[in-house]
Amino acid sequence: MTTIDLNSDLGEGFGAWTMGDDAAMLDVVSSANIACGFHAGDPTIMLDTARAAAERGVAIGAHVAYRDLAGFGRRPVHVTPDELHADVVHQLGAMAATARVAGTAVTYVKPHGALYNTACADPVQAEAVVQAVADVDSALAVLALPGSELLLAAERHGLRAVAESFADRAYEPDGALVSRSTPGSVLHDPDEVAARVLRMVTDGVATAVDGSELRVSADSVCVHGDSPGAVAMARAIRSLLTEHGVTIAPFAP
């Protein structure tokens, strides 16, 4: 029987502002990438989200980012490797303490937005992020695109490197994600996305934006929690996968 993890970016509100329906998503996914305060999230939201995840048996990942609240972490930020290392250490420390108080623990790290895209392609930024993870806790896994500089760095440091695919994002022929600034980069139809994920999980294949076939190998599938209709999409994915005998479970319980 095939087993797959479903992860989602959660806890991305700030103060009085909310982003997505976290409670509903936590009833569907098996891993929660919780914002650590740099692109979204605040201490209260972090703790509430961690507690809600713990109650449901959902694994917790630290969703680290550039220091960019105004841009939701989607703008590249020019920082030195030392600064980036310190920023990631800081976020991991905050999330680890929060999870502990919530009665659970952080089991993996997934960068957010611009940091994810940059560190997947840039070995210098990848090294800074992964060195921070290794320095804080070498038992943590790193979640990122297969073949990315992030996963290569994780392997060099002896960390568990976990590949993920994206349910609702279009792919370039080389396996990179289509830029969000490009029309059609984000998919919205729940049934279409669910069928796409089933093919990824069972056949290891996805259709790239140019119509070519792309090999996809991943232990986790990301469903973005902030997109319109995210909950309906996540439910459709889980329902179709379960219907076809796929078990949904955390990759890092």
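Just above, that's the structure.
Please read these numbers as outputs of a predicted model, since none were measured by experiment.

Next up on the list: the overall build of the protein. Scanning the protein for helices and strands turns up eight helices and ten strands. For 253 residues, the compact-globule estimate of 2.2 N^0.38 gives 18 Å, and the C-alpha radius of gyration of the protein, at 17 Å, lies within 12% of that figure. For the protein, the C-alpha atoms occupy an extent of roughly 40 × 35 × 35 Å along the three principal directions. Taken across its 253 residues, the protein has 53% of its residues classed as buried. Long-range contacts, defined as pairs at least 24 residues apart, comprise 73% of the intrachain contacts of the protein with a sequence gap of at least 6. When the accessible area of the protein is evaluated, it comes to approximately 10500 Å², of which 54% is carbon and sulfur surface. Here the protein contributes 16 positively and 32 negatively charged side chains, and the mean placements of these two sets differ by 3 Å.

A ring pair, where both rings are aromatic, is described by two values, the distance of the centres and the angle of the planes. In total, this model carries two aromatic pairs according to the counting rule given. Seen in terms of ring centroids, Y116 and F166 are 5.8 Å apart; in terms of plane orientation they differ by 85°. Their pairing is edge-to-face. Placement of the pair is Y116 in helix α4 (residues 113–121) and F166 in strand β6 (residues 160–166), with a sequence separation of 50 residues.

Mapped onto the elements, T107 comes out in strand β4 (residues 106–109). Of the polar contacts made by the side chain of T107, one reaches the backbone oxygen of A252; its length is 3.0 Å. With sequence-adjacent residues up to four places away left out, T107 is seen in contact with A59, I60, A139, L140, A141, A252 and P253.

Below, the discussion takes up the pairing of strand β3 (residues 59–63). Counting buried residues in β3 gives five out of five residues, a clear majority hidden from the surface. Residues A59, G61 and H63 of β3 are buried on one face, and the alternating residues I60 and A62, pointing to the opposite face, are buried as well. By the bridge criterion, five bridges tie strand β2 (residues 31–35) to β3 in an arrangement that is parallel. Counterpart to N33 in the pairing with β3 is G61. The parallel pair β2 and β3 is bridged by helix α2 (residues 43–56), and the resulting crossover is right-handed. Pairing of β3 with β4, which is carried by three bridges, proceeds in the parallel orientation.

With that settled, consider the layout of surface pockets. By volume, the largest pocket is sized at about 570 Å³. The set of elements that each furnish at least two residues to the lining of the largest pocket consists of α4, β6 and β8 (213–215). If you tally residues by element for the lining of the largest pocket, the top one is α4, at six residues. Of the residues that constitute the lining of the largest pocket, the class distribution is 14 nonpolar, eleven polar and nine charged.

This part covers the environment of M25. Examined against the element boundaries, M25 turns out to sit in helix α1 (residues 22–26). When the C-alpha positions of M25 and L10 are compared, they lie 8.3 Å apart, and in sequence the two are 15 residues distant. The residues touching M25, leaving out its near neighbours within four places in the chain, are S8, L10, V223, G225, A230, V231 and A234.

To continue, consider unusual backbone geometry. A positive phi angle, near 55°, is found at F72, a position not held by glycine. Structurally, F72 can be placed in the loop between β3 and α3 (81–101). Its relative accessible area of 13% is what places F72 among the buried residues.

Cut-off values and rules
- Residues numbered from 1 in each chain as written.
- Predicted model: local features only at pLDDT ≥ 70, side-chain atom pairs only at ≥ 80, totals over all residues.
- Heavy atoms only, no water.
- Helix = DSSP H or I, 4+ residues; strand = E, 2+ residues; numbered from the N terminus.
- Rg over C-alpha atoms; globule rule 2.2 N^0.38 Å.
- Buried < 20%, exposed > 50% of the residue type's maximum accessible area, 1.4 Å probe, protein only.
- Contact = heavy atoms within 4.5 Å.
- Areas by Shrake-Rupley, 256 points an atom, 1.4 Å probe, with all protein chains shown as cover.
- Lys, Arg positive; Asp, Glu negative; His and termini not counted.
- Charge placed at Lys NZ, Arg CZ, Asp CG, Glu CD.
- Phe/Tyr/Trp six-rings, centres within 6.5 Å; stacked < 30°, edge-to-face > 60°.
- Polar contact = N/O pair within 3.5 Å; in protein donor to acceptor, adjacent residues only side chain to side chain.
- Pairing = 2+ DSSP bridges.
- Right-handed = clockwise from strand over helix to strand, strands pointing away.
- 1 Å grid on protein atoms, 1.4 Å probe; cavity = no way out; pocket = protein on both sides within 12 Å on 5 of 7 lines; lining within 4 Å.
- Points joined across faces, edges and corners; volume = space filled by probe spheres on them.
- Nonpolar A, V, L, I, M, F, W, Y, C, P; charged D, E, K, R; others polar.

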